[in-house]
There are 2 protein chains.
Amino acid sequence: MQTLSVELPERQYPIHIGPGLLERGELLTPHIAGRQVMIVTNETVAPRYLERLKAGLADYTVAEVILPDGEATKTLASVERIWDALLAHGFNRRCTLIALGGGVIGDMTGYAAACYQRGVAFIQVPTTLLAQVDSSVGGKTGVNHPRGKNMIGAFWQPKVVINDTATLATLPARELSAGLAEVIKYGLIRDEAFLGWLETNMSRLRALDDEALSHAVRRSCELKAEVVVADETEQGVRAHLNLGHTFGHAIEAAMGYGSWLHGEAVGAGMVMAAALSARLGWISETALQRTERIIAAAGLPRHAPAGVEAERLLELMRLDKKVLDDRLRLVLLQALGRACVTDEVADTQVRELLVGWPRQ
Amino acid sequence: MQTLSVELPERQYPIHIGPGLLERGELLTPHIAGRQVMIVTNETVAPRYLERLKAGLADYTVAEVILPDGEATKTLASVERIWDALLAHGFNRRCTLIALGGGVIGDMTGYAAACYQRGVAFIQVPTTLLAQVDSSVGGKTGVNHPRGKNMIGAFWQPKVVINDTATLATLPARELSAGLAEVIKYGLIRDEAFLGWLETNMSRLRALDDEALSHAVRRSCELKAEVVVADETEQGVRAHLNLGHTFGHAIEAAMGYGSWLHGEAVGAGMVMAAALSARLGWISETALQRTERIIAAAGLPRHAPAGVEAERLLELMRLDKKVLDDRLRLVLLQALGRACVTDEVADTQVRELLVGWPRQ
């Protein structure tokens, strides 16, 4: 087991990484407030891991909420189900919520914890690669709204994160690829050496080599933690984590949430961001090709979905919360391993890129 | 105009107090982020004050949500109306929400601001005495749930609070009395001299004497700020602010929210807390009588509502979030002007008090 400490201004919390951690109750219990524990999970994850997690919590009053699987579930109505269950069980403000599942479960459970009686303790047990490398660090929680992704939410930090890499063995290949999109992102935005390591080890990762997975998860969490600690409330460098996301959110919204996986949309979005960076002369054609190659090697789409007009994508990008005072703010690349934020790109340049972009 | 500065660990914000401040846009504009302003108010307050507030905001894109009046509106569904309106107007994360109204409007608007795109700027313009002395300071926001009051919410601080004492002139007498309950509470929990001033000046306050009102609002905000700054997340001394509230919340819940005003329930609840303190021998009969007299002088009920069983109240008190790990935690008085928190009172003592308590 490896342990990383995320040092926030007001406190720190550990991320444990390794195979078989799910059943090790002694990793959880030091971080549980009170005696009441609510596990939130979904219909796919529950049959695999719920009882194993509960086995380590024999000394607590444990209740659970099992939601449907998928991004379409990430609504305020689902969070209300969690609040209703907490109140139905008479859980007080010293209860602890545990998210067991992917990013959707983590985001909803974190938000439920942030607002239940104005804030209760929260633990993450992510069971997808995306959630292990993305949701583990940063404290972003929330739900989607019919008009936009993650429009309702809060910043709320976990007490501990348990990244059990063995849970990735049951992950569908498509979801593993979606997680690799975020892993690649960390390399693109701030660590060219890690990007090189990924180019060399991509097949080991896709074959679920445990040593490779542990390294990728650990380095990703470290890189994200560096960014988040430097900028906890997203005023500056933290925006780099959104590389590919403004394009990606637009794709997701255009297709209806849950049709493309988040990581797939971000994968295509990162290629678009790299292409725009190349058009502006910031990165070379070679760098763009390396970006396209690693995205493809991870099994991710490089093209936009068929049947979506450029104008519609642009409109959705403008609705994304990265728009500040009517200027489209984009995260682009100044080099492989170095991201930047700009609001200097004209809408016409983005439109041109989107019009000419290959469709699937 | 008087100005009080609330000094929180991470930042400070001003509270302006005086007549006619509503129209002074220059008090608001330094605290407005971006160019988009959403005013949230209700059907009673809007016809009186909405246009006057908007007159000072001519340079901004201003939209509004007008909700029904009353505690029954304080639901997640109302907050969703605010979020829907923000998204329908395309408001981004640099927008500012202004709460124009009483505590219900302030609590809902603050919660909407806390969670819209994970947090946007928020300004309070409270138009009831209760909201001016209670909601102005402390950052508590939220909504009720069918199973309990304020069960869903967040801590979220305003950028500025505008307490226009002239707005109190249109307040129904019953609501003025409800506000006076919280004013009296500050005297009871930490300032016997202020309690003495209130005993002398209660008739001036109820006659809306502007000088007396300004002093009462200012001293109340100061006392609350002292407590909140010492304890922003309610681990210790802040619990004193709940004097009368565990009893009061049970009365409100038993009657259905909106039947008794919050301040009325707290008024009766403070007499119950004082009576329990007297039974424990912590305060004298004379102190209990002073408490009963000032509550009566403010036009507040001292009795529990008719037709509510002691057992039902006790059950509701136990659901209140002041219950920690199954022990009923109560705020009681060690003297007039000195509160304390205790979990040493047995349920049987509370039951005895409630069984014998006069009903209206």
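Since the model is a prediction, treat every value here as computed from it, not as a measurement. (Residues numbered from 1 in each chain as written. Chains lettered and ligands numbered in written order. Predicted model: local features only at pLDDT ≥ 70, side-chain atom pairs only at ≥ 80, totals over all residues. Heavy atoms only, no water.)

(A) Highlighting the overall build of chain A. When helices and strands are counted, chain A shows 13 helices and 11 strands. Considering only C-alpha atoms, chain A reaches an extent of 60 × 40 × 35 Å along its principal axes. Within chain A, the proportion of its 360 residues that are buried is 60%. Considering only intrachain contacts with a sequence separation of at least 6, the fraction spanning at least 24 residues in chain A is 75%. Considering chain A, the positive charge centre built from 37 side chains and the negative charge centre built from 42 side chains are found 2 Å apart. (Helix = DSSP H or I, 4+ residues; strand = E, 2+ residues; numbered from the N terminus. Buried < 20%, exposed > 50% of the residue type's maximum accessible area, 1.4 Å probe, protein only. Contact = heavy atoms within 4.5 Å. Lys, Arg positive; Asp, Glu negative; His and termini not counted. Charge placed at Lys NZ, Arg CZ, Asp CG, Glu CD.)

(B) Representation of the relation of the copies chain B and chain A. Superposition record for chain B on chain A: RMSD 0.0 Å, screw rotation 180°, translation along axis 0.0 Å. Considering both components of the superposition, the chain copies are consistent with a two-fold axis. Looking at the interface residues of chain B, 100% of them are also at the interface in chain A, so both copies use one shared face. (Least-squares fit on C-alpha atoms with pLDDT ≥ 70 in both.)

(C) The arrangement of the pairing of strand β10 (residues 330-335) of chain A in detail. All names here are of chain A. Bridge count between β10 and strand β11 (residues 338-342): 5 bridges; the pairing is antiparallel. Opposite leucine 332, over in β11, you have cysteine 340 as the bridge partner. Taking the residues between adjacent antiparallel strands as the criterion, β10 and β11 are bridged by 2 residues, where glycine 337 takes a positive phi near 95°. (Pairing = 2+ DSSP bridges.)

(D) Just the pattern of salt bridges, in detail. Residues and elements named next belong to chain B. In total, this model carries 42 salt bridges over all chains according to the counting rule given. For glutamate 252, the salt bridge goes to lysine 149, with nearest N and O atoms at 3.5 Å. Of this pair, glutamate 252 sits in helix α9 (residues 245-255) while lysine 149 is found in strand β8 (residues 148-155), placing the two residues 103 residues apart along the sequence. By the burial criterion, glutamate 252 is buried, and lysine 149 matches it. (Salt bridge = Lys/Arg side-chain N within 4 Å of Asp/Glu carboxyl O.)

(E) Expanded view of the interface of chain B and chain A. Facing the 32 residues of chain B at the interface are 33 residues of chain A. Summing both sides of the interface, chain B and chain A together bury roughly 3,300 Å²; the carbon and sulfur share of this comes to 56%. If you look at where chain B meets chain A, you find 0 salt bridges. Taken together, chain B and chain A are joined by 9 residue pairs in polar contact (both at pLDDT 80 or more). Listing elements by their share of the side of chain B that touches chain A, those giving two or more residues are α3 (76-88), α4 (103-115), β7 (140-145) and β8 of chain B. (Buried area = accessible area lost by both parts, 1.4 Å probe. Polar contact = N/O pair within 3.5 Å; in protein donor to acceptor, adjacent residues only side chain to side chain.)

(F) Examining the packing of helix α6 (residues 173-190) of chain B against helix α10 (residues 262-279) of chain B more closely. All names here are of chain B. Two numbers describe how α6 lies on α10: the axes approach to 7 Å, and their chain directions differ by 40°. Judged by the angle between their axes, α6 and α10 are oblique. In the crossing of α6 with α10, the sense of the turn from one axis to the other is left-handed. Counting all contacts with α6, which are made through Arg174, Ala178, Ala181, Glu182, Ile184, Lys185 and Leu188, the residues of α10 involved are His262, Gly263, Glu264, Val266, Gly267 and Met270. Split into classes, the residues belonging to the contact of α6 with α10 amount to 6 nonpolar, 3 polar and 4 charged. (Axes fitted to C-alpha atoms, helices over the stretch in contact; angles between N-to-C directions. Parallel < 35°, antiparallel > 145°, perpendicular 65-115°, else oblique. Left-handed = near helix turned anticlockwise from the far one by under 90°. Nonpolar A, V, L, I, M, F, W, Y, C, P; charged D, E, K, R; others polar.)

(G) Molecular detail of α9 of chain B. Residues and elements named next belong to chain B. Extensive coverage of α9 is indicated by the burial of 8 of its 11 residues. Within α9, burial applies to His245, Thr246, Phe247, Gly248, His249, Ala250, Ile251 and Glu252. Along its buried surface, α9 packs onto β8, α6, α10, α12 (310-319), β10 (330-335) and α13 (347-356). In the stretch just after α9, glycine 256 is the one whose phi turns positive, near 90°.

(H) Layout of the packing of aromatic side chains. Residues and elements named next belong to chain A. The tally for this structure, following the rule as stated, stands at 4 aromatic pairs over all chains. A ring pair is formed by phenylalanine 194 and tryptophan 197, whose centres lie 6.0 Å apart and whose planes are at 15°; its orientation type is stacked. Residue phenylalanine 194 and its partner tryptophan 197 are both found in helix α7 (residues 192-206); the two are separated by 3 residues, about one turn of the helix. Given the relative accessible area of 3%, phenylalanine 194 is considered buried. Of note, arginine 35 hangs over the ring of tyrosine 60, and the distance from its end group to the ring centre comes to 4.4 Å. (Phe/Tyr/Trp six-rings, centres within 6.5 Å; stacked < 30°, edge-to-face > 60°. Lys NZ or Arg CZ within 6 Å of the ring centre and 35° of its normal.)

(I) View of the environment of proline 19 of chain A. Residue and element names in this part refer to chain A. Among the secondary structure elements, proline 19 is positioned in the loop between β2 (12-18) and α1 (25-28). Judged by its relative accessible area of 47%, proline 19 falls in the partly exposed class. Along the backbone, proline 19 and phenylalanine 247 are 228 residues apart, and their C-alpha atoms lie at a distance of 34 Å. When sequence neighbours within four positions are dropped, the list of residues in contact with proline 19 reads Asp164, Thr165, Ala166 and Asp210.

(J) Inspection of the pairing of strand β6 (residues 121-126) of chain A at higher detail. Residue and element names in this part refer to chain A. The buried fraction of β6 is high, at 6 of 6 residues. Because side chains alternate across β6, one face comprises the buried residues Ala121, Ile123 and Val125, and the other comprises Phe122, Gln124 and Pro126, equally buried. By the bridge criterion, 6 bridges tie strand β5 (residues 96-101) to β6 in an arrangement that is parallel. Residue alanine 99 lies in a different strand from β6, and its bridge partner there is glutamine 124.

(K) Main features of helix α2 (residues 45-55) of chain B. Residue and element names in this part refer to chain B. Among all positions in α2, only Val45, Ala46, Tyr49, Leu50 and Leu53 are buried. Looking straight down α2, one finds that the buried residues subtend no more than 120° of arc, so they occupy a single side. Facing away from the buried surface of α2 by more than 90 degrees, the exposed residues are Pro47, Glu51 and Ala55. In the core, the buried residues of α2 are packed alongside α1 (25-28), β3 (36-42), β4 (61-67), β5 (96-101) and β6 (121-126). (Arc of directions from axis to C-beta.)

(L) Just the domain arrangement of chain A, in detail. All names here are of chain A. Its domain assignment divides chain A into domain 1 (2-170) and domain 2 (173-356). Placing a centre on the C-alpha atoms of domain 1 and another on those of domain 2 gives a separation of 25 Å. On the domain 2 side, the residues contacting the 36 residues of domain 1 number 32 residues. Both sides of the domain 1 and domain 2 interface together cover about 2,900 Å² of buried area, and 64% of this is carbon and sulfur. Three residues, Leu129, Val133 and Lys149, lead the burial of domain 1 against domain 2; their summed loss comes to 21% of the area buried on that side. Among the salt bridges present, the one from lysine 224 reaches aspartate 134, with a minimum N-O distance of 2.9 Å. Across the domain 1-domain 2 interface, the total number found is 7 residue pairs in polar contact (both at pLDDT 80 or more). Elements that contribute at least two residues to the side of domain 1 that touches domain 2 include exactly β1 (2-7), β2, α5 (129-135), β7 (140-145) and β8 (148-155). Residue classes in the side of domain 1 that touches domain 2 are distributed as 15 nonpolar, 14 polar and 7 charged. (Domains from an automatic or database assignment.)

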